[in-house]
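# Descriptive structure summary
Given next are the chains, with one letter for each unit.
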Amino acid sequence: MVSLKVDNLTYRTTSEDLKERFERYGEVGDIYIPRDRETRESRGFAFVRFYDKRDAEDALKEMDGHMLDGRELRVQLARYGRSTSPFRRRWKRSHSPRSRSNSRSRSHGRHSRSRSYCRSRSRSENINPRGQTKSVSRSRS
């Protein structure tokens, strides 16, 4: 099947309206009109799938620029994948390996060597400012 993306639809355009217009060029497999998750209104575009590639090409040539409900339709071959969506681009930037390694190196530089050395020592030893260790006694005076 071959999909066409139809842009610039009014919010009241139905799949029946589109089927009526696009069936002239061949057998339509199905029509999908994406809706907003919250309002359930049309998002202003649709996908029309044809069984035959030649029928889809004929519909593309004839319906691109055609007026429907007072609007000029923009019809193109549908491209699959969401790599160009804004959400996906934002996610890639904020979760790229490069940004993660940069944040690691910055946080790594914050800790002093003696502090991390101190953590690896046993509780019975302390390090004074000169880096020398001394034993801590727990007897009462």
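Residues numbered from 1 in each chain as written. Predicted model: local features only at pLDDT ≥ 70, side-chain atom pairs only at ≥ 80, totals over all residues. Heavy atoms only, no water.

## Details of the overall build of the protein
Convention followed: Under the scheme used here, helices are H or I runs from DSSP no shorter than 4 residues and strands are E runs no shorter than 2 residues, and both carry numbers assigned from the N terminus. In this scheme, a residue with accessible area under 20% of its type's maximum is buried, one over 50% is exposed, and one in between is partly exposed, where area comes from a 1.4 Å probe on protein chains only. Throughout, a contact is declared for two residues whenever any of their heavy atoms are within 4.5 Å. Note on areas: Shrake-Rupley, 1.4 Å probe, and residue coverage restricted to the protein chains presented here.
A tally of helices and strands in the protein yields five helices and eight strands. Each helix and strand of the protein, placed in order from N terminus to C terminus, yields the pattern β-α-β-β-α-β-β-β-α-α-α-β-β. Within the protein, buried positions represent 21% of all 141 residues. For the protein, restricting intrachain contacts to residue pairs at least 6 apart in sequence, the fraction spanning at least 24 positions comes to 56%. Carbon together with sulfur atoms contributes 43% to the accessible area of the protein, which is approximately 11,700 Å² in total.

## Considering unusual backbone geometry
We note that arginine 40 has phi near 65°; this positive angle belongs to a residue other than glycine. Looking at where arginine 40 falls in the secondary structure, it is placed in the loop between β2 (28-32) and β3 (45-50). Residues other than glycine seldom take positive phi values, yet aspartate 69 does so here, at roughly 55°. Looking at the element boundaries, aspartate 69 is found in the loop between β4 (67-68) and β5 (71-72).

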